[in-house]
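A look at the structure
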Amino acid sequence: MECVIRFVPAEREVRVPSGTSLLEAARLAGLPVARSCVGEATCARCGLQILAGGEALPPESEGERRVKQRNRIDAELRLACQLRLDRDLTVTAPYW
Ligand code: FES
């Protein structure tokens, strides 16, 4: 199954296979995602806001919640390196 990921306000869209990380989808769209780890849920800088399609997303792990708290990242953001795509989403970051 493919997922359509729309990035705003950059107005870019990619189709990726289900199971692709949101971080990889952004990379394929040519968009930067802030981070200071290698996608191992230690920096929490890759938090992105899900604007649409995020209803009933798989819940975050306890580790994801802890790393966001430790780094004072908004609880509403999802870590792009950890979120595996299984549906269409619209996503934003303040720096796009
Ligand atoms: S890239 Fe560091 S937590 Fe996602």
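It should be noted that the structure appears before, not after, this text.
None of the values given here were measured: they were computed from a predicted structure. (Residues numbered from 1 in each chain as written. Predicted model: local features only at pLDDT ≥ 70, side-chain atom pairs only at ≥ 80, totals over all residues.)

For the protein, the helix and strand inventory stands at 2 helices and 5 strands. Secondary structure of the protein in N-to-C order comes out as β-β-α-β-α-β-β. A compact globule built from 96 residues would reach a C-alpha radius of gyration of about 12 Å, and the protein, at 12 Å, matches this within 12%. Viewed in the frame of its principal axes, the protein has a C-alpha envelope of about 30 × 25 × 20 Å. Residues counted as buried form 25% of the 96 residues belonging to the protein. Long-range contacts, defined here as pairs at least 24 residues apart, represent 65% of the contacts in the protein between residues at least 6 apart. (Helix = DSSP H or I, 4+ residues; strand = E, 2+ residues; numbered from the N terminus. Rg over C-alpha atoms; globule rule 2.2 N^0.38 Å. Buried ≥ 20, exposed ≤ 12 C-beta atoms within 10 Å, placed from the backbone. Contact = placed C-beta atoms within 7 Å.)

On to the nonpolar core. Of all hydrophobic cores here, the largest spans 19 residues; its most connected members are Ile-5, Leu-22, Ala-80 and Leu-85. Only β1 (2-8), α1 (22-28) and β5 (89-92) provide two or more residues apiece to this core. Not counting the four nearest positions on each side in its chain, Leu-22 is found in contact with Leu-48, Ala-80, Leu-83, Leu-85 and Val-91. (Core = buried A, V, L, I, M, F, W, Y, C linked by C-beta atoms within 7 Å.)

Moving on to the pairing of strand β3 (residues 47-52). With 2 bridges connecting them, β3 and strand β4 (residues 78-79) associate as antiparallel partners. Of the residues in β4, the one forming a bridge with Gly-47 is Leu-79. Sheet topology note: the β3/β5 ladder contains 3 bridges and is antiparallel. Residue pairing across strands places Ile-50 opposite Val-91, the latter belonging to β5. (Pairing = 2+ DSSP bridges.)

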